[in-house]
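# Structure assessment
Take a look at the letters that make up each chain.
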Amino acid sequence: MSVLDRRVILVTGKGGVGKTTVAASLAIEAASQGHRTLLCETQGSTRVPPLFHKKEATYDAQPLAPNLFTLTITGERAIEDYIVQQVKVRAIYKMVFKNRIMGPFVDGVPGLHDLVQLGKVFDLERDRTFGRPVWDKIIVDAPATGHGLTMLDAPRAMMELTVAGPFHEAAREVHELFVDPKKTGIVLVTLPEEMPVNETLDLHERLGSYREQVALCVLNEVHPAPFGCLDAWPDARAAMTDPALTESVQLTDKAVARAQLQQTARDRLGVLPCPIVELPIETTRRLGQTQLERLGRRLR
Ligand SMILES: Nc1ncnc2c1ncn2[C@@H]1O[C@H](COP(=O)(O)OP(=O)(O)OP(=O)(O)O)[C@@H](O)[C@H]1O
Ligand SMILES: [Mg+2]
């Protein structure tokens, strides 16, 4: 089963490792395969539209390219959506929940912001038009490691908190989508460096019962190896005694050290029971659609 066989894909990993880049690349690839694809940012993040020369992130889906749309979910808007669904009238929501007394109470419910953001993804997965799903693929640029895990676990936590009732039922439905490995896949993004690899292995461990959903690990920003056989470098280096070669030797030393670090990262990630795909480091200063398309083809 390939990662894009799932309808919902959550992309997570340590801060700054390339989650947004990987989510956008996967979304471009899905769209190019003809899937009507929605790329969701979470926590009100607004990184995606500028990658496609669009000015603003929006809570409602906006088009980015053929078959490709994006939106950003905020906890606050998702709570409003959820409550309006229940009470049916937005004015009542504003009157009852946006006042001085109720506002802090609603915001203070533990895990509510995380739950409603996943709830929004759940609603998007359920959306139908003429009996067909509105979105073939929903790719979620999820929060970084620890928070990503808390978000994923929010429906289960809410079920424990509520025990029964309509809130419990809503949380159960959302939970069922995100624990179904046929529908939901998790993509872990990491870098070929010690700390990000530690964090990835730790996250995988902490995923517990959600581990089955891990569809792919992406080793991002991999540098090309300086040459095929790293073991040959010490002998070659010893022969390079001419002072004119000092700079070249130092540069190669650095490249070899990095290649060894990358190999250690590969070896350590080898314990994960999912495919590992390497993405090369792109040399362009700012990534745009062309680079994302290229990275997307690698992820295929
Ligand atoms: N393969 C790559 N080659 C070159 N640059 C990359 C690559 N992947 C990501 N980057 C760059 O690294 C930076 C961080 O990437 P990105 O924003 O995708 O990370 P993130 O995990 O989403 O970060 P955050 O935790 O802040 O949301 C960006 O400037 C991005 O363009
Ligand atoms: Mg990001």
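The structure this text deals with has already been given above.
Residues numbered from 1 in each chain as written. Chains lettered and ligands numbered in written order. Predicted model: local features only at pLDDT ≥ 70, side-chain atom pairs only at ≥ 80, totals over all residues. Heavy atoms only, no water.

This brings us to the overall build of the protein chain. Each helix and strand counted, the protein chain has twelve helices and ten strands in total. Projected onto the principal axes, the alpha-carbon positions of the protein chain cover approximately 80 × 40 × 40 Å. Taken across its 300 residues, the protein chain has 46% of its residues classed as buried. A separation threshold of at least 6 residues defines the contact pool for the protein chain, and within that pool the share at least 24 residues apart is 72%. Total accessible area on the protein chain stands at roughly 15300 Å², and carbon and sulfur atoms take up 54% of it. Averaged over its 36 positive side-chain charges, the protein chain has a centre that lies 6 Å from the centre of its 37 negative ones. (Helix = DSSP H or I, 4+ residues; strand = E, 2+ residues; numbered from the N terminus. Buried < 20%, exposed > 50% of the residue type's maximum accessible area, 1.4 Å probe, protein only. Contact = heavy atoms within 4.5 Å. Areas by Shrake-Rupley, 256 points an atom, 1.4 Å probe, with all protein chains shown as cover. Lys, Arg positive; Asp, Glu negative; His and termini not counted. Charge placed at Lys NZ, Arg CZ, Asp CG, Glu CD.)

A word on the sheet that holds strand β1 (residues 8-13). The mixed open sheet is built from eight strands, whose spatial order is β3-β4-β2-β7-β1-β8-β9-β10. Edge positions in the sheet fall to β3 (62-65) and β10 (276-280), since each has one partner strand and no second. Sheet twist, expressed as the mean angle between neighbouring strand axes with direction ignored, is 25 degrees. As defined by bridge partners, strand β9 (residues 214-222) adjoins β10 across four bridges and the pair is classed as parallel. Note that in β10 the partner of Cys-217 across the bridge is Ile-276. Packing of helix α12 (residues 289-299) onto the sheet brings it into contact with β3, β9 and β10, and relative to β10 it is tilted by some 155 degrees. (Pairing = 2+ DSSP bridges. Axes fitted to C-alpha atoms, helices over the stretch in contact; angles between N-to-C directions.)

Each turn of an α-helix holds 3.6 residues, which means side chains three or four residues apart point in the same direction. The end-to-end C-alpha distance of helix α6 (residues 112-126) is 20 Å, a good match for the 21 Å that 15 residues give at a rise of 1.5 Å each. Of all the 15 residues making up α6, twelve are buried; the element is thus mostly covered by neighbouring parts of the structure. Every buried residue of α6 is accounted for by Leu-112, Asp-114, Leu-115, Val-116, Gln-117, Leu-118, Gly-119, Lys-120, Val-121, Phe-122, Leu-124 and Glu-125. (Expected span 1.5 Å × (residues − 1).)

Relative to the 34 Å expected for 24 residues at 1.5 Å per residue, helix α11 (residues 246-269) spans 35 Å between its end C-alpha atoms, a close match to the ideal helical length. Within the sequence span of α11, burial applies to Val-249, Thr-252, Ala-255, Val-256, Ala-259, Gln-262, Ala-265 and Leu-269. Against the buried residues of α11 lie β8 (184-190), α9 (194-206), β9, α10 (233-239) and β10.

Before going further, it helps to spend a moment on the pairing of strand β4 (residues 68-72). Burial within β4 is extensive, with five of its five residues counted as buried. Where burial is concerned, the two faces of β4 agree: the one with Leu-68, Thr-70 and Thr-72 and the one with Phe-69 and Leu-71 are both buried. Note that strand β2 (residues 37-41) and β4 share five bridges and pair parallel. From the neighbouring strand, Glu-41 faces β4, where its bridge partner is Thr-72. Where β3 lies against β4, three bridges are found, and the strand directions are antiparallel. From the neighbouring strand, Pro-63 faces β4, where its bridge partner is Phe-69.

Here β1 lies mainly inside the structure; six of its six residues are buried. Every second residue of β1 is oriented toward a common face, with Val-8, Leu-10 and Thr-12 on one face and Ile-9, Val-11 and Gly-13 on the other, all of them buried. Across six bridges, β1 lies against β8 in parallel orientation. The partner of Val-11 across the bridge, within β8, is Val-187.

In the neighbourhood of ligand 1, 14 residues make up the surrounding shell, with Lys-19, Thr-20, Thr-21, Arg-47 and Glu-282 lying closest. Gly-18 places a polar main-chain atom, nitrogen or oxygen, 2.9 Å from an oxygen atom of ligand 1. Residue Lys-19 places a side-chain N or O atom 2.7 Å away from an oxygen atom belonging to ligand 1. For ligand 1, the protein covers 72% of the area, taking 630 Å² as the surface of the free molecule. Elements represented by at least two residues in the shell around ligand 1 include exactly α1 (19-32) and β9. The biggest single contributor to the shell around ligand 1 is α1, with three residues. (Near = heavy atom within 4 Å. Polar contact = N/O pair within 3.5 Å; in protein donor to acceptor, adjacent residues only side chain to side chain.)

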